[in-house]
Amino acid sequence: MKRLGLLLAILCMFGVVANAQQDFQKGNCILNAGVGVGYGVPVSVSAEWPVATNMIKGRNGAIGIGPYLGFNLPCIDKNTGFDLGFRGAFHYQWPEKLDTYAGLNLSFHGYNDKDVDEFKSGVACSLFVGARYYFWNKVGLFAEIGGGLNFGALSIGACFKL
């Protein structure tokens with residue numbers, strides 16, 4: 001009997017989660033500002049607008065696009081650089097207030113290679129995954145792995161719904 005009660009409680013909680021409204025909806029603009037770890041001290045700013053929403057069962061799933069700017073702050077024996085690009089992501093909200101996403105970043109990057117004392121640049125394409133959790137209606141925290149100067153590194157910061 002206890003197992004049946006536990007199973008019913010879990011199913012009820014799943015139903016509440018499945019009916020949660022998505023935080024990433026048309027009309028929103030999401031702004032991220034963060035700092036990374038890995039390659040020097042990367043800082044980044046990005047904005048994202050939903051272009052397609054409610055793609056899965058009419059309640060969840062969205063595609064967002066927007067600009068990305070990253071800069072690697074100078075450190076001892078590290079290269080400085082920048083990353084300016086455009087990114088797109090697919091969003092899926094699991095529980096209420098948690099927006100998970102994965103996407104592609106296409107960017108132009110440049111950096112000062114201290115080993116050969118010259119400026120190098122190019123175009124890069126990278127993948128990223130992340131999550132945003134909103135503590136208040138319009139303010140939260142985000143964490144991302146990958147993308148831009150932070151590829152393979154963790155980036156954390158604040159997110160704002162405008």
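What counts, and where the lines are drawn
- Residues numbered from 1 in each chain as written.
- Predicted model: local features only at pLDDT ≥ 70, side-chain atom pairs only at ≥ 80, totals over all residues.
- Heavy atoms only, no water.
- Helix = DSSP H or I, 4+ residues; strand = E, 2+ residues; numbered from the N terminus.
- Buried < 20%, exposed > 50% of the residue type's maximum accessible area, 1.4 Å probe, protein only.
- Contact = heavy atoms within 4.5 Å.
- Areas by Shrake-Rupley, 256 points an atom, 1.4 Å probe, with all protein chains shown as cover.
- Pairing = 2+ DSSP bridges.
- Axes fitted to C-alpha atoms, helices over the stretch in contact; angles between N-to-C directions.
- Salt bridge = Lys/Arg side-chain N within 4 Å of Asp/Glu carboxyl O.
- pLDDT = per-residue confidence, 0-100.

1. Things to note about the overall build of the chain
Stage number 1. For the chain, the helix and strand inventory stands at one helix and eight strands.
Stage number 2. Listed N to C, the secondary structure of the chain is α-β-β-β-β-β-β-β-β in terms of helices and strands.
Stage number 3. The buried share of the chain, reckoned over its 162 residues, is 37%.
Stage number 4. Nonlocal contacts in the chain, meaning residues at least 24 apart in sequence, comprise 50% of its contacts between residues at least 6 apart.
Stage number 5. Summing over all exposed atoms, the chain offers an accessible surface of approximately 9,500 Å²; the carbon and sulfur share of this is 70%.

2. Some thoughts on the sheet that holds strand E8 (residues 154–161)
Stage number 1. In spatial order, the strands read E1-E2-E3-E4-E5-E6-E7-E8; together these eight strands close into a barrel with antiparallel pairing. In this sheet, adjacent strand axes meet at a mean angle of 25° when their direction is disregarded.
Stage number 2. Examined bridge by bridge, strand E6 (residues 118–134) and strand E7 (residues 139–146) share seven bridges and lie antiparallel to one another. Looking at E7, one finds that Phe128 is bridged to Gly146.

3. Concerning the pattern of salt bridges
Stage number 1. Within the structure shown, the criterion is met by three salt bridges.
Stage number 2. Between Glu48 and Arg132 there is a salt bridge, with the nearest N and O atoms lying 2.9 Å from each other. Taken together, the residues span a long stretch of sequence, with Glu48 in strand E2 (residues 41–52) and Arg132 in strand E6 at a distance of 84 residues.
Stage number 3. Since its relative accessible area comes to 4%, Glu48 is described here as buried.
Stage number 4. Judged by its relative accessible area of 0%, Arg132 is buried.
Stage number 5. Where Asp99 meets Arg132, a salt bridge forms, and the shortest distance between an N and an O atom there is 3.1 Å. Here the residue Asp99 occupies a position in strand E5 (residues 98–113), and Arg132 occupies one in strand E6, the gap between them amounting to 33 residues. No difference in accessibility class separates Asp99 from Arg132, as the two residues are buried.

4. A word on the confidence of the model for the chain
Stage number 1. Averaged over every residue, the pLDDT of the chain is 79; the share at 70 or more is 77%.
Stage number 2. Between residues 1–21, whose pLDDT stays under 50, and residues either more than four places distant or in other chains, the model counts seven contacts.

5. Focus on the pairing of strand E3 (residues 62–73)
Stage number 1. Across nine bridges, E2 lies against E3 in antiparallel orientation. Paired with Ala52 across the bridge in E3 is Ile63.
Stage number 2. Of the pairings in the sheet, the one linking E3 to strand E4 (residues 80–93) comprises 11 bridges and is antiparallel in character. Bridge pairing in E4 places Asn72 opposite Gly81.

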